[in-house]
Structures are given as structure tokens and as C-alpha cells.
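Tertiary structure, described
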Amino acid sequence: MPTYYKRDATGTANWNLATSWSTVSSTSSTNTGTFPSSLTADPVIFDANSAAVTVNVASQCTSLDFTGYTNTITFSNQLTVQGNVTLGASMVIAGSSVLRIQGTSTITSNGKIYNGNIFFNGTTITLSGDLTITGSINLSSSIVVNGGTINIQGNLIAAGAHTFGGTTGNATFIFNGTGNQTFTGSITIN
């Protein structure tokens with residue numbers, strides 16, 4: 001299982017550009033010859049030396065770590081992450097496409113705002129810090145959300161009946177958008 005590092009290539013590169021990735025470090029001069037595309041075998045790391053990237057095709061990875069990243073990721077297409085997501089305090093998030101988080105995951109927000117839609121497909125999501133979503137939050141399975149606060153500035157969509165927070169979930173949900181917001185579906189909140 002290789003770990004993919006976004007390289008320090010100049011300019012903004014597309015996610016599916018194989019020469020943008022290394023399995024050694026972001027400063028490596030050797031590219032992988034491929035790009036991260038597996039939900040079970042491709043952890044992805046962006047660090048202080050990683051260049052800007054655009055998620056230009058529907059993509060997936062095992063985990064996503066932006067610790068130390070000071071550049072821009074642009075979501076022009078859906079990115080599915082099977083596990084943990086760590087946003088960097090100094091990174092820039094652009095675009096408004098879907099971030100789909102599956103499985104049991106910890107989301108470390110570091111105060112970042114996500115401007116697109118987020119799909120939670122996992123069984124347990126643990127928040128480390130508050131998370132602000134300007135798009136919609138979509139729940140497509142029963143889910144427990146623990147820790148932190150989710151500031152919902154768009155809509156909340158729960159496909160089917162959910163026990164949101166279950167008997168153990170302890171996250172706080174705040175609807176605080178500036179316009180009309182809608183809630184669709186059925187949830188039970190702890």
C-alpha cells in the first residue's frame with residue numbers, strides 16, 4: 001500500500017496527473033507513474049512543499065492529510081475518502097464539488113470552511129474541532145456523529161430514517177446560513 005505525496009511541481013496540476021505524485025515525499029524528483037485512486041490502498045498526504053491541485057476527475061483515496069499544507073486544493077469533481085480527513089490550518093479550499101466521507105472517520109477541521117457539499121456515508125464520524133459547511137450535508141446511512149460542532153450554512157438531507165447521533169453521539173448541529181435552509185428526511189438527535 002503506497003502512501004501518495006502531492007509533489008512540489010510548479011503551477012496547479014490535476015489530481016489525475018501521474019507526474020504530480022510521489023511515494024517518497026513531496027520534494028522527491030521521482031513521480032509514481034500513477035495517481036491515488038483506491039479506497040483501500042491509497043493514503044494521501046499534502047505537506048508544506050506540496051503544490052496546488054485540482055480534483056478534476058471523480059477520485060478516491062484511503063485517507064487525506066493536509067497537515068502543514070499552505071497551498072490550494074480546488075474541488076471541481078467528487079473526492080471520496082474511506083477514512084480520516086485532516087484539513088490544514090493554512091490551506092485554501094476552493095471549488096464546490098462533493099467531498100464524500102465513508103467508513104469510520106475522524107475529521108480534523110482546523111477551523112476551515114468547506115464550500116461544497118459533504119456526504120457522510122460512514123457509521124461513526126468523530127469531529128476534532130468545529131466544521132462549517134456552506135453547501136449541503138447529505139446523510140445516506142445511519143450514522144453517529146461525535147465531538148465538535150457542525151455549522152450548517154446550506155441544507156441538511158437525510159435519505160431515509162436516521163438516528164443522527166444515536167444514543168452516544170454528542171456533536172452539536174447549528175443551522176446558521178444567511179438564506180433559507182431546508183431539512184429533508186428523518187433523524188433522531190441524542
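Note that the structure is predicted; figures quoted are calculated from it, not measured.

1. Quick word on the overall build of the protein chain
- From N to C terminus, the protein chain includes zero helices and 23 strands.
- Counting every position in the protein chain, which comprises 190 residues, the buried fraction comes to 47%.
- Within the protein chain, contacts between residues at least 6 apart in sequence are counted, and of these 25% link residues at least 24 apart.
- Accessible surface computed for the protein chain: about 7,900 Å², of which carbon and sulfur atoms make up 48%.

2. Things to note about the sheet that holds strand 2 (residues 13-14)
- Pairing in this open sheet of four strands is parallel, and the strands run 2-5-8-11 from one edge to the other. At either end of the open sheet lies a strand with only one pairing partner, and these are strand 2 and strand 11 (92-95).
- Note: strand 8 (residues 72-75) against strand 11, four bridges, orientation parallel. For Thr-74, the partnering residue across the bridge sits in strand 11 and is Ala-94.

3. Let's talk about the sheet that holds strand 19 (residues 144-146)
- The mixed open sheet is built from eight strands, whose spatial order is 3-1-4-7-10-13-16-19. Looking at the sheet topology across the chains shown, the edges are occupied by strand 3 (21-22) and strand 19.
- Note: strand 4 (residues 43-45) against strand 7 (residues 63-65), three bridges, orientation parallel. Residue pairing across strands places Ile-45 opposite Asp-65, the latter belonging to strand 7.

4. Comments concerning the environment of Leu-79
- Residue placement: Leu-79 occurs in strand 9 (residues 79-81).
- Overall, Leu-79 belongs to the buried group, its relative accessible area being 0%.
- If we ignore the near neighbours within four places in the chain, the residues touching Leu-79 are Trp-15, Val-55, Ser-59, Gln-60, Leu-64, Val-98, Leu-99 and Arg-100.

5. A look at the packing of aromatic side chains
- Across all of its chains, the model carries eight aromatic pairs by this definition.
- Centroid distance Trp-15 to Phe-46: 6.4 Å. Interplanar angle 35 degrees. Geometry classified as tilted. Taken together, the positions of Trp-15 in the loop between strand 2 and strand 3 and Phe-46 in the loop between strand 4 and strand 5 (53-55) put the pair 31 residues apart, joining distant regions of the chain.
- The class of Trp-15 is buried, set by a relative accessible area of 0%.

6. Comments concerning the environment of Gly-116
- In this fold, Gly-116 is placed in the loop between strand 14 (113-114) and strand 15 (118-120).
- Relative accessible area serves as the criterion here: at 1%, Gly-116 is assigned to the buried category.
- C-alpha of Gly-116 to C-alpha of Leu-99: the two residues are 17 residues apart in sequence and 7.4 Å apart in space.
- Ignoring sequence-local partners within four residues, the contact set of Gly-116 consists of Gly-95, Ser-96, Ser-97, Ile-133, Thr-134, Gly-135 and Ser-136.

7. Here's the deal with the side chain of Thr-62
- Its place among the elements puts Thr-62 in the loop between strand 6 (59-61) and strand 7.
- With sequence-adjacent residues up to four places away left out, Thr-62 is seen in contact with Ser-38, Leu-39, Thr-40, Ala-41, Asp-42, Pro-43, Val-81, Gln-82, Gly-83 and Asn-84.

8. A closer look at unusual backbone geometry
- With phi around 50 degrees, Asn-110 is a residue other than glycine that occupies positive phi space.
- Along the chain, Asn-110 falls in the loop between strand 13 (105-108) and strand 14.

Procedures and definitions
Residues numbered from 1 in each chain as written. Predicted model: local features only at pLDDT ≥ 70, side-chain atom pairs only at ≥ 80, totals over all residues. Heavy atoms only, no water. Helix = DSSP H or I, 4+ residues; strand = E, 2+ residues; numbered from the N terminus. Buried < 20%, exposed > 50% of the residue type's maximum accessible area, 1.4 Å probe, protein only. Contact = heavy atoms within 4.5 Å. Areas by Shrake-Rupley, 256 points an atom, 1.4 Å probe, with all protein chains shown as cover. Pairing = 2+ DSSP bridges. Phe/Tyr/Trp six-rings, centres within 6.5 Å; stacked < 30°, edge-to-face > 60°.

Coordinates in, geometry out; function isn't part of it.
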